[in-house]
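Understanding the architecture of this molecule
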Amino acid sequence: MPSGKMLNFAIVGCGGITLQNHLPGLALCPDVKVTALCDADAATLERARQQTGVTITATRHEDIVKRDDIHAVIIATPNIAHAPIALDAIAHGKHVLCEKPLALNHADARAMAETADRAGVRHMTAFTYRFVPAMHYLSHLVKRGDLGQLYHYRSCRLQDWGTRGLGWRQVKKLAGTGELGDMLSHRIDFAHLLAGPMQRLVANLKQWHPVRGGQPNDLDDWAAILAEFRGGGTGVLESSKLASGRNESWRSLDYVEVNGSERSFVFITGEWNKLQTGKVGGPGLETIEIPREFWKWPGSPRDPSQGDPLVTFRYDQAWEFVDAIRSQRPCVPSFHDGARALAVMDAAVRSAETRQWVELGESGTSNIKHPTSNIE
Ligand SMILES: NC(=O)c1ccc[n+]([C@@H]2O[C@H](COP(=O)([O-])OP(=O)(O)OC[C@H]3O[C@@H](n4cnc5c(N)ncnc54)[C@H](O)[C@@H]3O)[C@@H](O)[C@H]2O)c1
């Protein structure tokens, strides 16, 4: 698919994240057209149709992914529908960008990755926070060896969502897990990016509010993992929806720290163009600016001086997908990254249930058989 040839997209699931990230991201990409929309809810679909002017619409994904005039599909539905829609799209030869968490369990996510590889289509997991310029630069510095040997990975995601209703996110059958999949999955992906695969972990999940917005809540409001990485480092990951007074989204705390034999780095999503760092034996942390070449993803058509950078970094995700399709190279992050995060999530659920440490398999994957498989 060389540049210059129009790339036609279908979007399945036209709710919050499609309007916030996917449509504006695709709109910046040259020679890309959103050709078809699908949403199971007719009113949501109609709103999206009016907003975009896209005329091909359907409430069943089957009617969209089979179309010959569609090259690529973005899946932004509740988690339960990711695997079946992705497998259907792949079976019709479409490239697929799928929201996180990629599936309800590792086995399904791995099947998605392997099926996509076999079909020769591009596949990407929407771990959007990898596109924060400071995280991109931090992963570059860690890869370059500036950290030395990694001793510790630490992440803390603290938001104040109180008892408000979360819709499908509070229903186990639809979401799989609560805070673990919703927020911690991104930070598990950061851990893999910076520290490599995990070897074993012990975890806990806690539900404080069995009712949210007047509806039953089946799922965790808080999740924490204590991990050992294959490389020898340790990990501490915590995420909460109940950090009262912390606010939400990028106004709340999203903190990652890595400590190595040479130095430490601190990343905070809200400070998109800064890192803090300190040298071993040094006087403490200092702030460093992110070099301009990291302010956007390589090749991205986005102008980083336009709009709120804490919103617009997300648009580079669409560019990465489009560029990978055109260059016929693997997407970063791929379905394999999404599957690795799910292996950790499965292990965390198992650990919380059994109150035991759980070993992860070779390269941090899991062999846990899950009752929630969503692939027929
Ligand atoms: N990457 C990120 O930073 C990020 C941020 C928010 C949400 N997400 C993920 O995006 C996905 C969607 O989240 P959201 O906040 O947009 O939810 P949402 O509820 O706002 O939108 C989901 C839409 O999917 C539709 N839908 C449900 N089942 C469907 C089906 N089988 N076929 C077609 N449409 C269907 C619903 O009617 C709804 O309009 C979730 O997996 C979520 O975890 C990712």
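These numbers come from a predicted model, not from an experiment.

Scanning all chains against the criterion turns up seven aromatic pairs. Centre to centre, the rings of Phe-9 and Phe-321 are 5.7 Å apart; their planes meet at 80°, and the pair counts as edge-to-face. With Phe-9 in strand E1 (residues 7-12) and Phe-321 in helix H10 (residues 316-327), this pair connects stretches of sequence that are 312 residues apart. You can call Phe-321 buried: its relative accessible area is 0%.

On the secondary structure map, Val-211 appears in strand E9 (residues 211-212). Among the residues examined, Val-211 registers a relative accessible area of 47% and is labelled partly exposed. When the C-alpha atoms of Val-211 and Ser-185 are compared, they prove to be 23 Å apart, with 26 residues separating the residues in sequence. In this structure, Val-211 is in contact with Thr-163, Pro-216 and Asn-217, ignoring residues within four places of it in sequence.

So, about the environment of Leu-23. As for its position among the elements, Leu-23 is in helix H1 (residues 16-27). Residues Leu-23 and Ala-318, spaced 295 residues apart in sequence, show a C-alpha to C-alpha distance of 8.8 Å. The residues contacting Leu-23, other than those within four sequence positions of it, are Ile-11, Thr-18, Val-34 and Thr-52.

As a structural note, the neighbourhood of the ligand is formed by 25 residues, with Gly-16, Asp-39, Asn-79, Glu-99 and Thr-128 the closest of them. Gly-16 places a polar main-chain atom, nitrogen or oxygen, 2.8 Å from an oxygen atom of the ligand. Between the ligand and Asn-79 there is a distance of 2.7 Å, counted from an oxygen atom to a side-chain nitrogen or oxygen. Using a 2 Å cut-off from the grid points, one finds that the ligand occupies the largest pocket. Residues belonging to the shell around the ligand are distributed by class as follows: eleven nonpolar, nine polar and five charged.

Attention shifts here to the state of the cysteines. One pass over the structure, following the stated rule, counts zero disulfides. Cys-29 takes part in no disulfide bond, and the closest cysteine sulfur to it belongs to Cys-331, at a distance of 12 Å. On the accessibility criterion, Cys-29 (4% relative accessible area) is buried. Sulfur of Cys-38: no disulfide; nearest cysteine sulfur belongs to Cys-14 and is 7.0 Å away.

Along the chain, Ser-139 turns up in helix H6 (residues 133-144). Contact partners of Ser-139, with chain neighbours within four places excluded, come to Leu-193 and Leu-194.

Before going further, it helps to spend a moment on the packing of helix H8 (residues 179-195) against helix H11 (residues 335-354). Two quantities define a packed helix pair, namely the angle between the helix axes and the distance between the axes. Remark: H8 packs on H11, axes separated minimally by 9 Å, with the N-to-C direction vectors making an angle of 115°. Seen from above, H8 lies across H11 with right-handed handedness. Touching Leu-180, Gly-181, Ser-185, Ile-188, Asp-189 and His-192 of H8 are Asp-337, Arg-340, Ala-341, Val-344, Met-345, Ala-348 and Val-349, all from H11. Within the contact of H8 with H11, the residues separate by chemical class into seven nonpolar, three polar and three charged.

Moving on, we get to the layout of surface pockets. In this model, the largest pocket occupies a volume close to 930 Å³. Forming the walls of the largest pocket are 46 residues, and the residues nearest its centre are Gly-16, Ile-17, Ala-76, Trp-168 and Arg-169. Elements with a minimum of two residues in the lining of the largest pocket: H1, helix H4 (82-91) and H8. The leading source of residues in the lining of the largest pocket is H8, at five residues. Its residues placed into classes, the lining of the largest pocket shows 16 nonpolar, 17 polar and 13 charged.

So, about the nonpolar core. Membership of the largest hydrophobic core comes to 102 residues, with the highest contact counts inside it found for Phe-9, Tyr-153, Leu-201 and Ile-225. Looking at this core element by element, the count peaks at ten residues for H11. Excluding residues within four positions of it along the chain, Phe-9 makes contact with Leu-26, Val-32, Lys-33, Val-34, Thr-35, Ala-36, Ile-70, Ala-72, Ile-74, Phe-321, Val-322 and Ile-325. Judged by nonpolar contacts, the second largest core, of six residues, contains Cys-156, Ala-243, Leu-253 and Tyr-255.

Running from amino to carboxyl end, helix H5 (residues 106-119) crosses H11 at an angle of 165°, the nearest separation of the two axes being 8 Å. Viewed along their axes, H5 and H11 adopt a mutual orientation that is roughly antiparallel. Crossing angle aside, the handedness with which H5 passes H11 is left-handed. For the pair H5 and H11, contact is made by His-106, Ala-109, Arg-110, Met-112, Ala-113, Ala-116 and Asp-117 and by Phe-335, His-336, Ala-339, Leu-342, Ala-343 and Asp-346, respectively. Class assignment for the residues of the contact of H5 with H11 results in eight nonpolar, two polar and three charged.

With twelve residues, H10 extends 16 Å from end C-alpha to end C-alpha; this agrees with the ideal 16 Å at 1.5 Å per step. Among the twelve residues of H10, ten are classified as buried, and the element is accordingly described as predominantly covered. In the segment just after H10, Gln-328 is the residue with positive phi, at about 55°.

What follows covers the pattern of salt bridges. Side chains that differ in sign of charge can pair as their charged atoms come close. For the coordinates displayed, the defined rule picks out 21 salt bridges. Salt-bridge contacts for Asp-69 lead to Arg-67; the nearest nitrogen and oxygen are separated by 3.0 Å. Here Asp-69 falls in the partly exposed class, since its relative accessible area comes to 28%. Residue classification places Arg-67 among the partly exposed positions, given a relative accessible area of 28%. Lys-100 is the salt-bridge partner of Asp-182, the closest N and O atoms lying 3.7 Å from each other. Pair noted here: Asp-182 is in helix H8 and Lys-100 is in the loop between strand E5 (95-98) and H5, with a separation of 82 residues, a long-range link. Of the two residues, Asp-182 and Lys-100, both sit in the buried class.

Rules used throughout
Residues numbered from 1 in each chain as written. Predicted model: local features only at pLDDT ≥ 70, side-chain atom pairs only at ≥ 80, totals over all residues. Heavy atoms only, no water. Phe/Tyr/Trp six-rings, centres within 6.5 Å; stacked < 30°, edge-to-face > 60°. Helix = DSSP H or I, 4+ residues; strand = E, 2+ residues; numbered from the N terminus. Buried < 20%, exposed > 50% of the residue type's maximum accessible area, 1.4 Å probe, protein only. Contact = heavy atoms within 4.5 Å. Near = heavy atom within 4 Å. Polar contact = N/O pair within 3.5 Å; in protein donor to acceptor, adjacent residues only side chain to side chain. 1 Å grid on protein atoms, 1.4 Å probe; cavity = no way out; pocket = protein on both sides within 12 Å on 5 of 7 lines; lining within 4 Å. Sits in = over half its atoms within 2 Å of the grid points. Nonpolar A, V, L, I, M, F, W, Y, C, P; charged D, E, K, R; others polar. Disulfide = S-S within 2.5 Å. Axes fitted to C-alpha atoms, helices over the stretch in contact; angles between N-to-C directions. Left-handed = near helix turned anticlockwise from the far one by under 90°. Points joined across faces, edges and corners; volume = space filled by probe spheres on them. Core = buried A, V, L, I, M, F, W, Y, C linked by side-chain atoms within 4.5 Å. Parallel < 35°, antiparallel > 145°, perpendicular 65-115°, else oblique. Expected span 1.5 Å × (residues − 1). Salt bridge = Lys/Arg side-chain N within 4 Å of Asp/Glu carboxyl O.

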